[in-house]
Structures are given as structure tokens and as C-alpha cells.
Amino acid sequence: MLSLAWLYLLYLQSGALSFGILPGDSFNHQTITERALLNVTARVCRALALAEGRDFTFPAQPFTAKSIANACEAPKSYNSFLFNIGLIQSMNAATDFRHFRDAHYHCDDELLVEGQRLITDGLSAVKAANKRQNYLEARLNLGGILHTLQDFYSHSNWVELGNKFPNINMIRKNATIGKLAAKTTATCRSCNGDDCSNNILEDIIAGNILTSGYSVVRTLSGNKPKGKCSHGSFLDAISLGEPKGGINKDSYTSSHGHLHREAAELAISATSQLLEDIRRATGDREFLQLMGISKGSSKALCFVVDTTRSMGDDIAAVRTVTSKIIDSKVGTEDEPSLYILVPFNDPDFGPLRKTTDAEVFKGYINSLTPDEGGDTPEMSLSGLQLALTGSPPNSEIFLFTDAPAKDEYLKNTVIALIEQSKTVVNFMITNIPGLRRRREANENRQQQQNQRMVRDSQLYRDLAQASGGQAIQVSKTQLLQATSIITESTSCSLVTLLQANRNLGKAENYTFIVDETLTNLIIYITGSSVNYTLVNPSGELHNSTFTGPSIITAELVGNLRTLRLLGQVGLWELRLTSTNPYTLRVVGQSPIDFIFSFVKQSQGPLGGFDLVENRPTAGGNTSLQVTLLEADISTVTEVILVESSGSGKVNGLVEAQGGGQYLVHFDKIPSFEFVVLVRGQSTNSTASRASSMTFQRQSTTSFRASSVSITLSDTGSVLEPGTPLLIPFSVTTTGEGGNFVIKATNDQGYNLTFPSSLTLESGGSADGTASITAPLASQPGTGVTLTIEAEAPGGADANYDVLRLTVLPKVTDFSPPVCHLLSLQSNCSDRCNQSTWELSVQAADGENGTGIDSISLREGDGILNFNMTTANVTLVSYNASCCSPNVQLVVVDRVGNVEVCSYSVAPNVSTTFSPTIKPSSSTTASSSGAV
């Protein structure tokens, strides 16, 4: 389900049955979503700045992800903020692909209450995921519900009824959204030719009755109820029947296009309203985490650590490097935005611990204690699977172990998650080549053991190479020295220029281009007995026996060689000679980078392109959507699929789409494993005169095509504890038929059933159903990643699909908490800094409520204290200077219902007030003491 979808999903016919996707004169889902996200994020940053006594200046309109990140004093968050905006946009647009015929997902066919239910159920899942810092699941849910919410304003007659504000009850569970038209009530007359501006019946308008249009594409019935409005579009055949025409406002050229701007502006306001509700339930800092905004680096620091007894020295090294990174980077632009720790041994792994607090993370690391564990192989891949599903996309993970994997059956699942998340995995392996083994006296058994050691080492190398990481093999005494790579990898602007891996070493030459934006250039070579010769752009040679002026330092630790270079601009050449396997990675720091995803021609009625969220189809053509970061100083000229383990390559046809977006077409996907190489031109604006310079960047993750395709049905993203969720899936092959092996896993170890195999004919398909059940005691907001793999006969080819779910018990508490003012006192005078005021409030969640979860200040810089008296009642006290006469308390219950309680005192007035009745939650004290 995960994709790098800051991408635009492109429709060939924009706005057919929904706000459009392609940019143009009309508003579209992308623009509506982006504007709301940028506006609310700016307001959150402003609120935090004012609370901290800092100035905040809104950037010039129109807002951009970059300008908002800069205004929030988080410029290094630009990449992650842009990524997350695009991911939410993508999940919004995906609703049209995945639920094209499901009318309630679009508030069509008068299914407005059903649309409301989708929105509020999804909103509950977003809040629950946020509470457990499962921000990826929250973003995926958020995008989908925004589509339905936005369509309400375009597809219903809310605008035609004269409403100037959003329908707040569309985001309130079980609330009444208005008076709905009965199924037998006529709502429209035929349009006057092409003029549909007056086709809604007068009694519908006068009665303030809600309706929405019907469409044959949605209903599949070929007709609509008598007298009902049509949606209206070139795909809507029933709009040609009585009553003719439609009422949608998807674009300026739609049936009710004269109201398109009003509908779009209301959709923006409603989207902002929903985001503000999430903000109140989550908190300002947590909302910025959801958006990917942080003062330091957008990267996470993620460790997966073997905790068996022999790992005592390794754990000590992890503690040291953690302290070094934290102490050197906290407060800087390279401070990690998130810290993640996953321990493992045998038979246990986890839990995943996640925090944004560096000192808390130190505590997690310091709490690691080595124990005996079970037999020698450990649950390393289970720990890695948990880290991959719990880390943000594009993370870098470091796994520490001195033992082979006991759960090597998870290899394909781990590779699938690596490909989906484009995460780099580095293995820090000690005691190689022996790994951790008991001594064996029997010679035959020793020979078998040595063969197993080779296989175990190769498993880690395979996973590292698939991700673009490294399998670093050192002694325990060398581990601390080798961990310097971690410090470099946490840089917020790290980019990859070149990477390659060779399973059969031979003499080979590599070239890479260094542009003027690059600094801190480093070459990593992992492998034994690898000789190198480096040629800089001036033609100077450097090798292991002579390091010239271009090499700052050359270091060899275990099988890791590190060369730190002067970043001389131009073409470099690296000549490597070895008879052993090795990997090569060239990195540096630069603002110029790219993000990408595979797309394919959509098979739906709207045409266009849809995301490829697993392996692309072998032998067919394919396309890449590429987004270039820092597009104002650079352009893409070439995109090449380069063989990971060889010299093969396939060139693409690059089409600029504007705004740093490029669509790249390939006539045929290569049969070999490949990485994506991008070349382009950057403009040096710091020189005395502008100059153009070639740059190159490369993806870290290796990809492969497959003749197998597997697709999981979108059955929703919520997993209710104790209730099995059935997930239909289909497997298709473009190759030979036979018995296809089905494998399924989930990162939480929940009960899972699925068919062990499916039989397919050549070029055919077959269907299956998986079932997953969360235990009754599962915590709300827990993220669950389900991976299902289909393996072709012989095991040489496979593909996968991934579904991300959020655990959410059935919600029965629909009412927000209530504030009761108990007392308010002030001695305010004209010298406000010498006078104070205070209040006492009772916050209650009702007898059937779930209880108060949090109370925080939205406005006011006084001192807030609270004390829970019962499960559902909390006493709150607040006191402040009279120079701060207003306060807003945000009260949230345990299922995310929110109430904002506002109070204020009049200046220059002394007040004592103790109400005898329960006041409303919005309270003002005046000179008379009235409330």
C-alpha cells in the first residue's frame, strides 16, 4: 500500500467524475489538499513560535512546501514535507482508481450519510495512529478521507443551498448532516440546453434539502430513480435521460461550473477544518511530525540490535555511537527527527520503541542488556521486518549482530518492504567469518557448518545490496571504529552518486560526476582484497599505496574501506580489481536530489496513469514519475535504468511536466536487477557569472521486474480487535502457468490464514482470500503491515503486495468532553504585569465516555495544572498575568473527540465569580462578573 507518492496520478481526462487531478484553470484535488495542508501547517508553526516567544512571518503567497518549511525554521524538512504532502495527495487521488464505482466514496447517488461514515471512521483511525506515532498509516488514511470530504462540496447541493461555510457535521461521527432527500423525492428538472444553473427544483432549495447526483458509472444499473439529479459528465450516460444534465461542480466546464470556485473554496475550508480537528486531538508538535516538519534532519536514526550474551561489547559500542551522534547533532540541522530501536534475540524480537526525544532514546539504548537467548541463530529478520514497517520511508537502518538468521524464510518479505519503502539497511556483523558458532569436533559436521556460515553471510549481503546498504564485517574490537559510517549517514542532505555490487569480482572501471553543490564526498567499498585506483578530474592517480592530495583520509576497518575526498568538480574514475564479491557506494551532501515511483497506464475508464506499488511487469513498457528537488536550480536531462550487478542499461524518454516533475517512458523494462540513475544540469548562481554544470544522482534501492502480479483488494484500513478481516487478492502471470506458492506474513504476529498455493494457467489469473485477526487486547492505533507474496513455479520469480492496517476498536463514544467553569478570580489593574487572574474548570467526558486523555493550552502563557478525580472527570486550574487575558483549553478524550474551552478576563477589572449553573464552554468575565 505504501508508495513514494508525492507524485501526481495523471488522468488523461481530468475531472470526469470528481475534482480533477491534472493542473489547469480549475481547482483539483491536488491543489485543494495542498493548500489546506500548507495553510494549517503554517498556522501550527506560528502558534508554536508565539508560545515560545519567537517571531513568525508568513511567507509570500502562494505558499509552497519549501517556503513553509523555511518559515517554520525547519528548512531541512523540505524534502520530507514535500514527500508527505504528495503521499497524502496520492492516496486522495487513488480513491478514484480504487473506488471508482463505489458511490459513497464520492458522496454520489445521495449516499451522503455513508460518505460521512467513511470520513469519520477514517478520522478515528488517523487520530489513533497519530497517538502511537504511526504517522505513515495516519497519512495513508488521511488522503482517502479527504477525497470523500472534498467531493461532498462538488457533488452535493450544499453550495446551491446558499451555504457559505463547511458542514462541520461531515467530520463528526453520528451527527446529523442535514435534511436528506427521500429516495422517492424528485430533486431536479432537465437543464435548459447547456444551461444547468437552475435545474435543482425550487422546493428542494426552499426546504434546505440535501441531495447529490446519480451516475451510471457509479450505479452500473443504467438508470437512476425517477426525478433525481444526475452527476453529469461525458462518462455519465444517464445524464442524457430525463431529467437531463447534472449538478457537479468539478470544474468550470461542469454542469454547475458557475459554482466551481465556491465549491472548491468550501472544500479547502473543510479540509482545513478536518486538519485542525486532528491538530487539536494530536497536539501542535505531533501534528508537525505528521507533516514531516522538524527543526533538524528529516531522517530517522534506527537501530536493530541483537541482545544475546555474546553481544555485550557490541551493545557497548552502540551506546557509545548513540551518545556521540546525539551529543554532536542535537540542536543542529542534522539532528534526527525520530529515533527507533528494535531489539531481538531468540526466540523474541521487539518491541519497537520510537521517540522524538534524544534523551529518551539514550535511555532505551542504555536499558539494553545481553542475555543468553536460545540456540545460535537469532530472529534478526523478524526484528528487521518490524523496523522496516515502523520507520518512515527513505530511512536508513543499522542492524548489529554476530549470529546468523534463524528466520531466513522472511528474506523475500524483507526485500519487498525494502523495495516499497526505499530504505537502506546496513549490517554491522562481528566475529566474521565464523559468526557465532559452537565448536564442533566432527570434521564432517565442521564442513557443513562452514558451508552454512557462507550462506548466512551471503543472506546479509543480499539484503544489504538490495537496499543499497552494506554488510560490514569487523571484529568486536573494530566495531566502534566502523560505526563512523552511521554518523555520516544521518546527514540530512546525503545523496548517492553511484553504487554497484559485484558477486564475482573482476577488474572494472566506474565513473561519477561531481558537481559544484556537492560537499563531504565519501567512497565506501566493502569486500575483502579489493584494490583501487582513483583518478580525479585533473588526471591525478591515487591508490592503496599512494594517496594523493584528492584523498583526505583512507581507512580500512574489517572489510570496509572508506575514502574521504576533496570535492573537485568534474568527472572522476574509480578502477577496482578483486576476485571476491564487493559493493561500492559513492555519497556526498547536496540539496539536489530526486524522488520517484513507477507508474502504469490505468485500466480504469478515466485512463491516465496509476502507481505501481510492487514490482513492474517484466517484458512490458513502463514509466517513471520523477520529482526533482531544488528544481529552481536544476533540470533533468537523462534517466537510465542501470544494472545493479553489471554494465547493462536502458535509457528512458524524458518529458518535462513542469514544477520539477518529469514523466519518463521506457520501451521495455529490463530483465536484470537495476537502480535508477538521473543526470541533469544545475546552475551555479554563486559564481561571478551563471554557469551550468552536469550532475548525477542514483537511487539506493535495487529493483527487478516480474511476470507475476498480485493485487490485494482495498477492503478498508481498519482492523477491529477480535474480528477477522477478510482480504481478497488476485494473482496474475504473463508467463507460464502452474502451482504458485503463496506466502503471507504480518509484522505484529497476528493470527493469519491464507491459501498455501494457487493454480494458474499460462497468462492466467486466480483469486484467493487471506484473513487476519487482531487479539482483543490489541492497542488502538497499532500499525499492522500485511505482506502477501506469490512465487512462480521453480521459485525464480515472485511478486508481492503490501497492505497497511490500523487497529481500531469499535467506537461508541461520539460526544466530546464538556467544560464546567467552577470559579474565576482576577485582580487586574492598569498595570497588567503586576496583577493576575486564575480559574478553575471541571472537564468531564460523561458517564458513558471513554475518559479524558489530554488537556493542553491552545492560547495563553500561564500555568496549567490538572488532577484526575475519576476516570471521566478532571479538575483543571489555570493562572496567568493579566497581560495575558485569554486562554483556550483543548480537552481530548481517549477516542480523539475534542472540545476547545475558551475563557477571558476584561482588562483593568477585578473579578470574583463562582457560577451556580453550568456555563457554556465559551466564557467571558466582565466587570459585572457575568459569564
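Residues numbered from 1 in each chain as written. Predicted model: local features only at pLDDT ≥ 70, side-chain atom pairs only at ≥ 80, totals over all residues. Heavy atoms only, no water.

Colleague: Requested: an account of the overall build of the chain, with residues and values cited.
Modeller: Within the chain one finds 16 helices and 44 strands. Partitioning the contacts of the chain with sequence separation of at least 6, the portion at a separation of at least 24 is 72%. Surface summary for the chain: the accessible area is close to 36,100 Å², and the carbon and sulfur share equals 49%. (Helix = DSSP H or I, 4+ residues; strand = E, 2+ residues; numbered from the N terminus. Contact = heavy atoms within 4.5 Å. Areas by Shrake-Rupley, 256 points an atom, 1.4 Å probe, with all protein chains shown as cover.)

Colleague: An account of the state of the cysteines is requested, with residue identities and associated values reported.
Modeller: Taken as a whole, this structure holds 6 disulfides when the rule is applied. Across the disulfide, C188 is cross-linked to C229 (sulfur-sulfur distance 1.9 Å). Looking down the S-S bond of the C188 and C229 bridge, the torsion is 90 degrees, so its handedness is right-handed. Here C188, found in the loop between β1 (179-180) and α6 (202-206), pairs with C229, found in the loop between α7 (216-219) and α8 (260-282); they are 41 residues apart in sequence, far enough to count as distant. This pair shows no difference in class: C188 is buried, exactly as C229 is. (Disulfide = S-S within 2.5 Å. Buried < 20%, exposed > 50% of the residue type's maximum accessible area, 1.4 Å probe, protein only.)

Colleague: Tell me about the sheet that holds strand β5 (residues 353-355), and please be specific about residues and values.
Modeller: One key point about sheets: their strands pair by backbone hydrogen bonds, in either a parallel or an antiparallel sense. Spatial strand order, β5-β4-β3-β6-β7-β8: 6 strands in an open sheet with mixed pairing. Taken across any chain shown, the strands that pair with only one partner, and hence form the sheet edges, are β5 and β8 (471-474). Across this sheet, the average inter-strand angle for adjacent strands is 15 degrees, counted without regard to direction. The sheet contact formed by strand β3 (residues 300-306) and strand β6 (residues 396-401) spans 5 bridges and is parallel. Within β6, the residue paired with V304 across the bridge is L399. Sitting on the sheet, helix α10 (residues 312-329) touches β3, β4 (338-344), β6 and β7 (424-430), and the angle it makes with β3 is about 170 degrees. Across the sheet, helix α11 (residues 358-366) lies against β3, β4 and β5, angled at about 10 degrees from β4, the strand it touches most. (Pairing = 2+ DSSP bridges. Axes fitted to C-alpha atoms, helices over the stretch in contact; angles between N-to-C directions.)

Colleague: Which residues make up the nonpolar core, and what values go with them?
Modeller: Core analysis: the biggest nonpolar cluster contains 62 residues, and L142 and L274 have the highest contact counts within it. Secondary-structure elements contributing two or more residues to this core are α1 (29-51), α2 (65-71), α3 (78-98), α4 (112-131), α5 (135-155), α8 and α9 (284-291). Per-element tally for this core: the top contributor is α1, with 10 residues. Once residues lying within four places of it in the same chain are set aside, the contact partners of L274 are I119, L123, L142, I145, L146, L149 and I171. Residues C302, F427, Y460 and A471 belong to the second largest nonpolar core, which totals 32 residues. (Core = buried A, V, L, I, M, F, W, Y, C linked by side-chain atoms within 4.5 Å.)

Colleague: So what's going on with the pattern of salt bridges? Which residues, and what values?
Modeller: Counted under the stated rule, the structure contains 32 salt bridges. We note a salt bridge from D121 to K173, for which the minimum N-O separation is 2.4 Å. Highlighted residues: D121 in helix α4 and K173 in the loop between α5 and β1, separated in sequence by 52 residues. What makes K173 buried here is its relative accessible area of 17%. D284 is paired through a salt bridge with R279; the nearest N and O atoms lie 2.7 Å apart. (Salt bridge = Lys/Arg side-chain N within 4 Å of Asp/Glu carboxyl O.)

Colleague: Hey, could you go over the packing of α3 against α5 for me, with residue numbers and the actual values?
Modeller: Packing of α3 against α5 leaves a shortest axis separation of 7 Å and a crossing angle of 50 degrees. Accordingly, the angle class assigned to the pair α3 and α5 is oblique. You can see that α3 and α5 cross each other, and the crossing is right-handed. Residues N84, L87, I88, M91, N92, A93, T95 and D96 of α3 form the contact with α5, whose own contacting residues are L136, R139, L140, L142, G143, G144, L146, H147 and Q150. (Parallel < 35°, antiparallel > 145°, perpendicular 65-115°, else oblique. Left-handed = near helix turned anticlockwise from the far one by under 90°.)

Colleague: Lay out α4 with the relevant residues and their values.
Modeller: Because each turn of an α-helix spans 3.6 residues, side chains separated by three or four positions end up pointing in the same direction. When the terminal C-alpha atoms of α4 are compared, their 29 Å separation across 20 residues agrees well with the 28 Å that a helix rising 1.5 Å per residue should span. Among the 20 residues in α4, 14 count as buried, and that is most of the element. (Expected span 1.5 Å × (residues − 1).)

Colleague: So what about the environment of Y364? Which residues, and what values?
Modeller: By secondary structure assignment, the location of Y364 is in helix α11. Put simply, Y364 and R319 are 45 residues apart on the chain and 9.7 Å apart in space, counted from C-alpha to C-alpha. The residues touching Y364, leaving out its near neighbours within four places in the chain, are L341, R353, K354 and T355.

Colleague: Any details on the packing of α5 against α8? Residues and values, ideally.
Modeller: Packed helices, taken two at a time, are described by the angle between their axes plus the distance between the axes. Across the interface, α5 lies against α8 with an axial gap of 8 Å and an inter-helix angle of 145 degrees. Every pair of crossing elements has a handedness; the one defined by α5 and α8 is right-handed. Along its contact with α5, which presents L142, I145, L146, L149, Q150, Y153 and S154, the element α8 presents A263, L266, A267, A270, T271, L274, L275 and I278. Looking at the contact of α5 with α8 residue by residue, the class counts come to 12 nonpolar, 3 polar and no charged. (Nonpolar A, V, L, I, M, F, W, Y, C, P; charged D, E, K, R; others polar.)

Colleague: Tell me about unusual backbone geometry, and please be specific about residues and values.
Modeller: Across residues other than glycine, the phi torsion is negative in most instances, and most of the peptide bonds are trans. Here the residue pair Q61 and P62 is connected by a cis peptide bond, since its omega of -5 degrees sits within 30 degrees of zero. Across the junction of D346 and P347, the peptide omega takes the value 15 degrees, indicating a cis bond. One non-glycine residue, N174, lies in positive phi territory at about 65 degrees. With respect to the secondary-structure elements, N174 resides in the loop between α5 and β1. Look at S529: it is not a glycine, yet its phi comes out positive at around 55 degrees. Look at S529 and you get exposed, because its relative accessible area is 58%.

Colleague: So what's going on with the confidence of the model for the chain? Which residues, and what values?
Modeller: Put simply, the chain has an average pLDDT of 87, and 89% of its residues get 70 or more. Across the chain, strand β2 (residues 209-210) holds the top mean pLDDT of 98, while strand β44 (residues 922-925) sits lowest at 37. Across residues 1-16 the pLDDT falls below 50, and counting only partners more than four positions away or on other chains, this stretch makes 91 contacts in the model. Throughout residues 433-441 the model reports pLDDT below 50, and contacts reaching past four residues in sequence, or to other chains, amount to 26 contacts. (pLDDT = per-residue confidence, 0-100.)

Colleague: So what's going on with the packing of aromatic side chains? Which residues, and what values?
Modeller: Applying the stated criterion across every chain yields a total of 17 aromatic pairs. The structure contains a cluster of three or more aromatic residues connected by ring pairs, namely F303, Y339, F361, F398 and F400. (Phe/Tyr/Trp six-rings, centres within 6.5 Å; stacked < 30°, edge-to-face > 60°.)

Colleague: Explain the sheet that holds strand β30 (residues 738-746) to me, using residue names and the numbers behind them.
Modeller: Strand order across the open sheet formed by 5 strands is β28-β35-β34-β30-β32, with mixed pairing between neighbours. The open sheet has two edge strands with one neighbour each: β28 (718-719) and β32 (757-760). Note: β30 against β32, 4 bridges, orientation antiparallel. Each residue of the ladder has a partner; that of F740, found in β32, is L758. Sitting on the sheet, α5 is in contact with β34 (783-791) and β35 (798-807), with an inclination near 90 degrees to β35.

Colleague: Please give an account of the environment of N531 that cites residues and values.
Modeller: Residue placement: N531 occurs in strand β12 (residues 531-535). Note on N531: relative accessible area 46%, which makes it partly exposed. With 24 residues separating them in the primary sequence, N531 and A507 have C-alpha atoms 9.3 Å apart. Excluding anything up to four places from it in sequence, N531 contacts R575, L576 and T577.

Colleague: How would you sum up the side chain of H542? Please name residues and give values.
Modeller: As for its position among the elements, H542 is in strand β13 (residues 541-543). Those residues in contact with H542 that sit more than four places away from it in its chain are Y532, T533, L534, N536, T547, G548, P549, S550 and I551.

Colleague: Describe the side chain of N199, with residues and values.
Modeller: Within the secondary structure, N199 is located in the loop between β1 and α6. Among the polar contacts listed, one links the side chain of N199 to the backbone oxygen of G246, at a separation of 3.1 Å. Once you skip the residues sitting within four places of it in the chain, N199 turns out to touch T187, C188, R189, S190, C191, G246, I247 and H256. (Polar contact = N/O pair within 3.5 Å; in protein donor to acceptor, adjacent residues only side chain to side chain.)

Colleague: Tell me about the environment of T787, and name the residues and values.
Modeller: Looking at where T787 falls in the secondary structure, it is placed in strand β34. Distance from T787 to L417, taken between C-alpha atoms, is 8.3 Å for residues 370 residues apart in sequence. Excluding residues that lie within four positions of it along the chain, T787 makes contacts with T413, A416, L417, K743, A744, T745, Y800, D801 and V802.

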